[in-house]
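Structure at a glance
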Amino acid sequence: MVFTKVSEKVYTIIGPPAYANITAFLLPGQAVLADCGLQLPAVTEVKRALEVISNVQIRTVILTHFHSDHTRALPAFADCRIISSPSMLTNLRLSGRKPPEGYQLTLPNEVFADRLEIQDGDARIIVKHTGGHTDGSTYIYSPEHGVVAAGDNLWINYYPWGGAKNGDPDLWIQALEEYLSLNVEHFIPGHGPVGTKENVLELLTYIKNVREAMIEAIALGKSEEEVIRAGDEVEYYTSGIAKSSTLRKWQKIWCERAEIM
Ligand SMILES: [Zn+2]
């Protein structure tokens, strides 16, 4: 199993077999996971390997958002404290998720409103609900080690998929600004390698530039397709199949907001 050591007490598994990144914060009395990945057999193996390396048990899983690449392996952690924002739990319930064969449906067993702290000895984990990529999007922050696990509010070497039905690019911008205000060196995205503030700033600048280009086109009375094209002309270092559904969704949101203003 390929664990990347992010800092003294933080490990992450990038990409397969989990698909979305899984991060482990090792506290004195337990390991806390940020997200749990997609493939149950592989993730069960991850759990075992991590407990051997760390000498502590995984007792808590915190979910950044409900998408299945981050949550489908939850039944491997049925005996843990599973924490999410209330809207994440609602999304998961509404998604009609079926458990993998032979397993019981496992859902978060604890929700928090905006902010939650876990204190274990002198170690502390802060969990914040911001919205952005989805309305339930949450990040997990270790002030001690200067690490944030951002879930899909941060993508590195991937185009940031913003097409989720309950996503909000304005809240996404706010969340990225909040990350930059923290004393953090290592940012773990939902997909891609561990990055720095520069990667956060790159994504923030891109979303802001698309926003500016689209809002200007909307103000000029351009058609839907022209507004999308204005956003499409904003350059970014990576593109991909997620780009067109993302721009379409953002155009819709900013158009609705322009009508209200
Ligand atoms: Zn994802």
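Residues numbered from 1 in each chain as written. Predicted model: local features only at pLDDT ≥ 70, side-chain atom pairs only at ≥ 80, totals over all residues. Heavy atoms only, no water.

1. A closer look at the packing of helix α5 (residues 197–219) against helix α6 (residues 224–232)
Running from amino to carboxyl end, α5 crosses α6 at an angle of 150°, the nearest separation of the two axes being 8 Å. In terms of orientation, α5 and α6 fall into the roughly antiparallel class. Along this stretch, α5 crosses α6, giving a crossing that reads as right-handed. Of the residues in α6, those in contact with Val210, Ala213, Met214, Ala217 and Ile218 of α5 are Val227, Ile228, Ala230 and Gly231. For the contact of α5 with α6, the residue count by class is eight nonpolar, one polar and no charged. (Axes fitted to C-alpha atoms, helices over the stretch in contact; angles between N-to-C directions. Helix = DSSP H or I, 4+ residues; strand = E, 2+ residues; numbered from the N terminus. Parallel < 35°, antiparallel > 145°, perpendicular 65-115°, else oblique. Left-handed = near helix turned anticlockwise from the far one by under 90°. Contact = heavy atoms within 4.5 Å. Nonpolar A, V, L, I, M, F, W, Y, C, P; charged D, E, K, R; others polar.)

2. Concerning the coordination of the zinc ion
Donor atoms from the polypeptide that bind the zinc ion are Asp69 (OD), His70 (NE2), Asp152 (OD) and His191 (NE2), placed at 2.1 to 2.3 Å. One chain supplies every donor for the zinc ion, spaced along it as D-H-x81-D-x38-H. Taken together, the positions of aspartate 69 in helix α2 (residues 68–71) and histidine 191 in strand β12 (residues 186–191) put the pair 122 residues apart, joining distant regions of the chain. Residue aspartate 69 shares its accessibility class with histidine 191, and that shared class is buried. (Donors = N, O, S within 2.8 Å, 3.2 Å for Na, K, Ca; no water. Buried < 20%, exposed > 50% of the residue type's maximum accessible area, 1.4 Å probe, protein only.)

3. Let's talk about the side chain of asparagine 21
With respect to the secondary-structure elements, asparagine 21 resides in the loop between β2 (10–13) and β3 (22–26). A residue is classified by how much of its surface remains accessible, and asparagine 21, at 3% relative accessible area, is buried. A polar contact of 2.9 Å, which involves the side chain of asparagine 21, links it to the backbone oxygen of glycine 192. In this structure, asparagine 21 is in contact with Thr12, Ile13, Ile14, Gly15, Ala34, Asp35, Ile188, Pro189, Gly190, His191 and Gly192, ignoring residues within four places of it in sequence. (Polar contact = N/O pair within 3.5 Å; in protein donor to acceptor, adjacent residues only side chain to side chain.)

4. As for the nonpolar core
One finds Tyr206, Ile207 and Trp250 to be the most contacted residues of the largest nonpolar core, which totals 35 residues. Secondary-structure elements contributing two or more residues to this core are β10 (138–142), β11 (147–155), α4 (169–180), α5, α6 and α7 (242–260). In terms of residues, this core owes the most to one element, α5, which gives nine residues. Contacts of tyrosine 206, omitting those with residues within four sequence positions, involve Tyr159, Val234, Glu235, Tyr236, Lys243, Leu247 and Trp250. Counting residues in hydrophobic clusters, the runner-up holds 26 residues, among them Ala24, Val61, Cys80 and Ile82. (Core = buried A, V, L, I, M, F, W, Y, C linked by side-chain atoms within 4.5 Å.)

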